[in-house]
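For reference, the chains in residue letters:
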Amino acid sequence: MKILNGKEFADKIKDEVKADVEVLTSDGKSVYLAVIQVGDDAASSTYVRNKHNACVRCGITSSTYNLANDESEENLIEMIQTLNKNNYVHGILVQLPLPNHIDEHKVIQSIAPEKDVDGFHEINVGKLMVGEDTFIPCTAKGIIELLKYNDVEIEGKHCVVVGRSNIVGKPVAMELLHHNATVTMCHSKTKELEKICKEADILVCAIGKPKFFNRDYIKEGAVVVDVGIHRTENGLCGDVDFDDVKDIVSAITPVPGGVGQMTIAMLMKNCVQAAQMQLK
Ligand code: NDP
């Protein structure tokens, strides 16, 4: 069984990003990411801190704007519109989820598409759908890069993606399709989930339920991508019961040290891509 080590590869990518940033900033310019967090959800704060640390490592300037939990949607959108117009800002990221009184969709649509480094704006989602160059959502991009780096063949394989969220499941499925996989998407209303998963050559688990996928869901020799991240008393775990499946898979992403690391590295890549486009 091979561990698909996201940490090791992500470190390599961050070194490459740093070199790209050095080229872009050689004449005194900077690559700038603005991160907005509304409220003080502990998990969100950790993600925001990790993103900031990755920026520091890559030589990207980043500012975090902390807004109160009861900040109005109007003020948030006004802040985004100001950042949209600021030529020093290349990337804008709003940490999700947002408090219930704020319409997430409306907020995301207010980000200028050329600064939408998460790739969640409708324009960028549409471009991904038709296969045009765009910001690919970081988790989807990270999964594909990690599979390719480890020489996991995607073309012609049956890939089953469990989870159909706009930020993970759908873009992963679309990217796998662009790489010529045969893709099945599953969700909470899917019947015979176990049977479908057991047909997968590559199984992507993104449902947000700790250790849900045990060996009953996995074909011998399958490649398993575990997207889930859960904090438990015993540390972090994923959607996959790692210990139960490790003897039957051919390769698997660990949690921690797998997809999560790749997601942040891809965010750094998207920031450089945004800056390259805007500084041209
Ligand atoms: P969402 O809650 O938005 O989506 C969950 C999806 O899983 C839904 O499509 C839902 O179906 C489906 N689902 C839920 N329960 C079941 C079930 N029992 N059987 C089949 N399908 C089910 O989650 P996200 O996509 O945002 O995140 C998924 C996981 O990935 C979370 O653990 C999250 O923390 C993690 N994550 C990790 C990242 C990383 O970098 N590693 C990045 C982003 C997220 P339905 O649509 O029918 O409700």
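Residues numbered from 1 in each chain as written. Predicted model: local features only at pLDDT ≥ 70, side-chain atom pairs only at ≥ 80, totals over all residues. Heavy atoms only, no water.

K.L.:
Explain the nonpolar core to me, using residue names and the numbers behind them.
P.N.:
The biggest cluster of nonpolar side chains holds 54 residues, and the ones touching the most others in it are Leu33, Ile60, Leu147, Leu176, Ile202 and Val204. Here the element with the most residues in this core is helix α10 (residues 259-279); it accounts for 11 residues. For this core, the domains that each give at least three residues are domain 1 (27-115) and domain 2 (138-260). Counting residues in hydrophobic clusters, the runner-up holds 19 residues, among them Leu76, Ile80, Val89 and Ile92. (Core = buried A, V, L, I, M, F, W, Y, C linked by side-chain atoms within 4.5 Å. Buried < 20%, exposed > 50% of the residue type's maximum accessible area, 1.4 Å probe, protein only. Helix = DSSP H or I, 4+ residues; strand = E, 2+ residues; numbered from the N terminus. Domains from an automatic or database assignment.)

K.L.:
With reference to specific residues and values, describe the packing of helix α1 (residues 6-24) against α10.
P.N.:
Axis angle and axis distance: for two packed helices, these are the angle between their axes and the distance between the axes, and together they describe the pair. Where α1 contacts α10, the axes come no closer than 8 Å and their chain directions differ by 15°. Our classification of the angle between α1 and α10 gives roughly parallel. For the element pair α1 and α10, the recorded crossing hand is left-handed. Between α1 and α10, the contacting residues are Gly6, Lys7, Phe9, Ala10, Ile13, Lys14, Val17, Asp20, Val21 and Leu24 on the first element and Gln261, Met262, Ala265, Met266, Met268, Lys269, Val272, Ala275, Gln276 and Leu279 on the second. (Axes fitted to C-alpha atoms, helices over the stretch in contact; angles between N-to-C directions. Parallel < 35°, antiparallel > 145°, perpendicular 65-115°, else oblique. Left-handed = near helix turned anticlockwise from the far one by under 90°. Contact = heavy atoms within 4.5 Å.)

K.L.:
Kindly report on the site of the ligand, identifying the contributing residues and their values.
P.N.:
Around the ligand, the surrounding shell holds 22 residues, and the nearest of these are Arg164, Ser165, Ser188, Lys209 and Thr263. Here a nitrogen atom of the ligand sits 3.0 Å away from a polar atom, N or O, in the side chain of Lys209. For the ligand, the protein covers 71% of the area, taking 930 Å² as the surface of the free molecule. At three residues, the largest contribution of residues to the shell around the ligand is made by α10. Per-class residue counts for the shell around the ligand are 10 nonpolar, 10 polar and two charged. (Near = heavy atom within 4 Å. Polar contact = N/O pair within 3.5 Å; in protein donor to acceptor, adjacent residues only side chain to side chain. Areas by Shrake-Rupley, 256 points an atom, 1.4 Å probe, with all protein chains shown as cover. Nonpolar A, V, L, I, M, F, W, Y, C, P; charged D, E, K, R; others polar.)

K.L.:
I'd love a proper account of the domain arrangement of the protein, names of residues and values included.
P.N.:
Once the domains are mapped, the protein shows domain 1 (27-115) and domain 2 (138-260). For domain 1 and domain 2, the distance between their C-alpha centroids amounts to 28 Å.

K.L.:
For the side chain of Ser44, give the residues involved together with the corresponding values.
P.N.:
In this fold, Ser44 is placed in helix α2 (residues 42-58). Sequence-distant contacts of Ser44, that is, excluding residues within four places in its chain, are made with Gln37, Gln95, Leu96 and Pro97.

K.L.:
Tell me about the packing of α2 against α10, residues and numbers included.
P.N.:
Packing of α2 against α10 leaves a shortest axis separation of 10 Å and a crossing angle of 55°. By the angle between their directions, the pair α2 and α10 is classed as oblique. For the pair α2 and α10, the sense of crossing is right-handed. Listed contacts from α10 to Asn50, Lys51, Ala54, Cys55 and Cys58 of α2 are Ile264, Leu267 and Met268. Residue composition of the contact of α2 with α10, by class: six nonpolar, one polar and one charged.

K.L.:
Describe the pairing of strand β8 (residues 223-226), listing the residues and the values that go with them.
P.N.:
Taken residue by residue, a regular strand's side chains alternate between the two faces of the sheet. Taking every second residue as pointing to the same face, both faces of β8 are buried, with Val223 and Val225 on one and Val224 and Asp226 on the other. Two elements, strand β7 (residues 202-205) and β8, share four bridges in a ladder whose sense is parallel. Residue pairing across strands places Cys205 opposite Asp226, the latter belonging to β8. Judged from the two bridges that link them, β8 and strand β11 (residues 251-252) form a sheet pairing that is parallel. Looking at β11, one finds that Val223 is bridged to Ala251. (Pairing = 2+ DSSP bridges.)

K.L.:
Explain the packing of aromatic side chains residue by residue, including any values.
P.N.:
Remark: the centre distance and the inter-plane angle together describe each pair of aromatic rings, the angle taken between the planes. Evaluation of the coordinates by the stated rule reveals four aromatic pairs. With 3.8 Å between their ring centres and 5° between their planes, Phe9 and Tyr149 make a pair best called stacked. Remark: Tyr149 occurs in helix α6 (residues 138-149) and Phe9 occurs in helix α1; sequence separation between them is 140 residues. Taking relative accessible area as the criterion, Tyr149 reaches 34% and is therefore assigned partly exposed. Arranged with centres 5.4 Å apart and planes meeting at 50°, the rings of Phe212 and Tyr217 form a pair that is tilted. (Phe/Tyr/Trp six-rings, centres within 6.5 Å; stacked < 30°, edge-to-face > 60°.)

K.L.:
Kindly report on the pattern of salt bridges, identifying the contributing residues and their values.
P.N.:
Under the defined criterion, the tally for this structure stands at 10 salt bridges. With a closest N to O distance of 3.2 Å, Asp11 and Arg57 form a salt bridge. Note that Asp11 is positioned in helix α1 and Arg57 in helix α2, a separation of 46 residues in sequence. By relative accessible area, which is 22% here, Asp11 ends up partly exposed. A salt bridge links Glu73 to Lys106; its shortest N-O distance comes to 2.9 Å. You can see Glu73 sitting in helix α3 (residues 73-85) and its partner Lys106 sitting in helix α4 (residues 104-109), a full 33 residues away along the chain. (Salt bridge = Lys/Arg side-chain N within 4 Å of Asp/Glu carboxyl O.)

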